[in-house]
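Analysis of the macromolecular model
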Amino acid sequence: MKKKILVFTFLCLLSVSFSQQTNLKHYSDYTNDFEGYSVAIYLDKDIDYESFINNVETKIFETTEKQPIKKLSKNNMWLLECALNEWELAENEVYVVCIASSLYAREFISIFTRINENENFDWWAVLLDTEDLLKIENYSSSEATDEVLKEEQYESSDYSPIYSPSHY
């Protein structure tokens, strides 16, 4: 249940971040002709990264037709590193980095990273647009609500009997 709540929280945070366009920071390196916007959002430390990625991947693929990105361009890798450098990194921390070409871009890359030894990192990425985010958020929202309702019903049945009119 914690994983589902974490995934749902991430998706809500991501949609708010991109709908408000407030956290994106502009980076430029004109000598290498690199430029763009990115932000790193800290998710958690010591979570099961593979399981988390599988959950996120499932949510994205159940609601969109997007495929993971297998290789990042030099510019996108540079933007990823710029965003992560805003944080004091520690081993096993998990971040999501969002990269966009402009503040008004409709498409962005979401990169899920886990920090390894010596500030190296693993990553999994997908290209999303604003419509995809709405689909994912609506899907996750309804699923999370269903899970909470099931859990509340389960908890209430543990502590007090659930009575129906047929019991009387």
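Described below are features of the structure shown in this document. (Residues numbered from 1 in each chain as written. Predicted model: local features only at pLDDT ≥ 70, side-chain atom pairs only at ≥ 80, totals over all residues. Heavy atoms only, no water.)

**Here we look at the environment of Trp123**
- For Trp123, the location among the structural elements is in strand E6 (residues 121-129).
- On the accessibility criterion, Trp123 (25% relative accessible area) is partly exposed.
- In this structure the C-alpha to C-alpha distance between Trp123 and Ile69, which are 54 residues apart in sequence, comes to 10.0 Å.
- For Trp123, the contacting residues outside a window of four places in its chain are Tyr49, Ile69, Lys70, Lys71, Leu72, Met77, Ile111, Phe112 and Thr113. (Helix = DSSP H or I, 4+ residues; strand = E, 2+ residues; numbered from the N terminus. Buried < 20%, exposed > 50% of the residue type's maximum accessible area, 1.4 Å probe, protein only. Contact = heavy atoms within 4.5 Å.)

**Quick notes on the environment of Ile41**
- As for its position among the elements, Ile41 is in strand E2 (residues 34-45).
- By relative accessible area, Ile41 is classed as buried at 10%.
- Counting along the chain gives 46 residues from Ile41 to Trp87, while the straight-line C-alpha distance between them is 9.3 Å.

**Here we look at the pairing of E6**
- Note: strand E3 (residues 68-69) against E6, two bridges, orientation antiparallel. Each residue of the ladder has a partner; that of Pro68, found in E6, is Val126.
- Bridge count between strand E5 (residues 107-115) and E6: nine bridges; the pairing is antiparallel. Note on E6: the bridge partner recorded for Ile111 is Ala125.
- The turn joining E5 and E6, which pair antiparallel and follow one another in sequence, is formed by five residues; a positive phi near 55° is taken by Asn118. (Pairing = 2+ DSSP bridges.)

**Side note on the sheet that holds E5**
- If you walk across this open sheet you meet the six strands as E1-E2-E4-E5-E6-E3, and the pairing is antiparallel. With partners counted over all chains shown, the strands left at the sheet margins are strand E1 (25-29) and E3, one partner each.
- Examined bridge by bridge, strand E4 (residues 93-100) and E5 share six bridges and lie antiparallel to one another. Directly across from Ile99, in E5, lies its bridge partner Ile109.
- Each of E2, E3, E4, E5 and E6 touches helix H2 (residues 49-63); the most contacted strand, E6, lies at about 10° to it.
- Set on the sheet, helix H3 (residues 74-84) makes contact with E1, E2, E4, E5 and E6; between it and E2 the angle comes to about 50°. (Axes fitted to C-alpha atoms, helices over the stretch in contact; angles between N-to-C directions.)

**Quick notes on H2**
- With 15 residues, H2 should reach 21 Å at 1.5 Å per residue; the first-to-last C-alpha distance of 21 Å fits that figure.
- Residues of H2 that are buried: Tyr49, Ser51, Phe52, Ile53, Val56, Lys59, Ile60 and Thr63. (Expected span 1.5 Å × (residues − 1).)

**As for the environment of Gly36**
- If you trace the backbone, Gly36 turns up in strand E2.
- Of the residues examined, Gly36 reaches a relative accessible area of 0% and is grouped as buried.
- Along the sequence, Gly36 and Ala100 sit 64 residues apart, while their C-alpha atoms lie 6.3 Å from each other.

**Side note on the pattern of salt bridges**
- Tallied over the full model, the rule gives six salt bridges.
- Salt-bridge contacts for Lys66 lead to Asp132; the nearest nitrogen and oxygen are separated by 3.3 Å. Of this pair, Lys66 sits in the loop between H2 and E3 while Asp132 sits in helix H4 (residues 130-159), and the two are 66 residues apart along the sequence.
- Residue Asp132 is classed as buried on the basis of its relative accessible area, which comes to 5%.
- With a shortest N-O distance of 3.6 Å, Arg106 and Glu131 are connected by a salt bridge. In this pair, Arg106 is assigned in the loop between E4 and E5 and Glu131 in helix H4, connecting sequence segments 25 residues apart.
- Salt bridges here are not isolated pairs; linked through shared partners, they connect Glu50, Arg114 and Asp122. (Salt bridge = Lys/Arg side-chain N within 4 Å of Asp/Glu carboxyl O.)

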